[in-house]
Amino acid sequence: MCRRIREDISILLFGPKMITVALLLVSFSFYGQLGYSEAQLEFGFYSETCPRAESIVRDVVQQAVTKDPGKAAVLLRLQFHDCFVEGCDGSILIKHDGKDDERFAAGNAGVAGFDVIDEAKSELERLCPGVVSCADIVALAARDAIVKAKGPFYEVPTGRRDGRIANVGHATNLPDVQDSINSLKSKFREKGLSDQDLVLLSAGAHTIGTTACFFVIQRLDAQDTTIDPKFFQILRSKCPHGGDVNVRIPLDWDSQFVFDDQILRNIKNGRGVILSDSVLYQDNNMKTIIDSYLETNQSSVKANFAADFIKAMVKMGAIGVKIGVQGEIRRLCNATN
């Protein structure tokens, strides 16, 4: 699917310093499960129909993350998992009776934040009934969560409509913590995402948040030699053999609530917590990408992690979008109309 989005994005990077990144006529090509189509998202899509839409979402997210800083990572992850199945259409939010919905897929274990989306939707329906899609709320909430975690601000193209399909069987090919590097590359390329996007959206997004020992115990039991020996002992003490697999541990051990590039330093130094992060540095191309954000020398300039991250987020947010007369605008995010 070909997306052409004219972007002029003002980005707040790690403090008061403002930089402006102009991304003029960026073309996104996606070859996913939804076939070929053309879609156009817009900045300020609700400026006339619901002028307070973005500020309402922002207020709800800020309150939620202030109360529980862990919600920032939860909302970021929610958009990733929404976009990788059926496209960015809010399908992960749907909940029927039973366990046949997309949100119950094994690859979506631990995905949460539905309460925040529902709260924002409730307020938007009160002020602008039938106008703002749940898919757009998910995208805006992810952005606002990143900002609340001291990450970069970026404009979110909006105009997505909500999907009507949420089938657990359609969510069988999500990226998994046990995937090999080749499997991860393949799954991202199927969505039109590059190796750089993989580093940014998979490992880079783990700059905030936690994981359960359940997703770590297997590599510890296997005595994974890619883990720094001292860090291995730390992980083992938190996730002992035969221990509680539901114990939560930080993905970024040094700054789990702050958006920064420390996660990449950790991965380089053998301090990646989950296997899918650690395997990136075992691949030459991925190693080069990670190093580009951490090192400078006379022949190269250090890449801007935050600026590239938001480009990848905007790119991911255009996967499989439904616009115009496609889909619907749900009245409730957890149920189709």
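Further up the page is the structure itself.
These numbers come from a predicted model, not from an experiment.

A. Spotlight on the overall build of the protein. Scanning the protein from N- to C-terminus turns up 12 helices and five strands. Taking the intrachain contacts of the protein between residues at least 6 apart in sequence as the baseline, contacts between residues at least 24 apart amount to 73%.

B. Fine view of the packing of aromatic side chains. Applying the stated rule across the entire model yields 10 aromatic pairs. With a centroid separation of 6.0 Å and 45° between ring planes, the pair formed by Phe80 and Phe188 is classed as tilted. Within this pair, whereas Phe80 is found in helix 2 (residues 71–83), its partner Phe188 is found in helix 5 (residues 181–189), the two being separated by 108 residues in sequence. Looking at Phe80, the relative accessible area reads 12%, which means it is buried. Among the aromatic side chains, those forming a connected cluster through ring pairs are Phe259, Tyr293, Phe305 and Phe309. Positioned over the ring face of Phe114 is Arg103, at 3.8 Å from the centre of the ring.

C. The side chain of Lys315, seen in detail. In this structure, Lys315 sits in helix 12 (residues 305–316). Taking the relative accessible area as the measure of exposure, Lys315 reaches 18% and is therefore buried. Of the polar contacts made by the side chain of Lys315, one reaches the side chain of Asp197; its length is 2.8 Å.

D. Spatial organisation of the nonpolar core. Among the nonpolar cores identified, the biggest contains 82 residues, and Leu93, Ile117, Leu264, Phe309 and Met313 are the most heavily contacted of them. If we skip the residues at most four places from it in the chain, Phe309 touches Leu76, Ile146, Leu200, Gly204, Ala205 and Phe259. Of all hydrophobic cores here, the second largest spans 14 residues; its members include Cys213, Phe232, Ile249 and Val273.

E. Structural detail: helix 1 (residues 53–67). Taking 1.5 Å per residue as the helical rise, helix 1 with its 15 residues ought to reach 21 Å, and the 22 Å between its terminal C-alpha atoms agrees with that figure. Among all positions of helix 1, only Ala53, Glu54, Ile56, Val57, Val60, Val61, Ala64 and Val65 are buried. One side of helix 1 holds all its buried residues, which, seen down the axis, span an arc of 165°. Residues of helix 1 that are exposed and point over 90 degrees away from its buried face: Gln63, Thr66 and Lys67. Taken together, the buried residues of helix 1 touch helix 2, helix 3 (114–127) and helix 4 (134–148).

Conventions used here
Residues numbered from 1 in each chain as written. Predicted model: local features only at pLDDT ≥ 70, side-chain atom pairs only at ≥ 80, totals over all residues. Heavy atoms only, no water. Helix = DSSP H or I, 4+ residues; strand = E, 2+ residues; numbered from the N terminus. Contact = heavy atoms within 4.5 Å. Phe/Tyr/Trp six-rings, centres within 6.5 Å; stacked < 30°, edge-to-face > 60°. Buried < 20%, exposed > 50% of the residue type's maximum accessible area, 1.4 Å probe, protein only. Lys NZ or Arg CZ within 6 Å of the ring centre and 35° of its normal. Polar contact = N/O pair within 3.5 Å; in protein donor to acceptor, adjacent residues only side chain to side chain. Core = buried A, V, L, I, M, F, W, Y, C linked by side-chain atoms within 4.5 Å. Expected span 1.5 Å × (residues − 1). Arc of directions from axis to C-beta.

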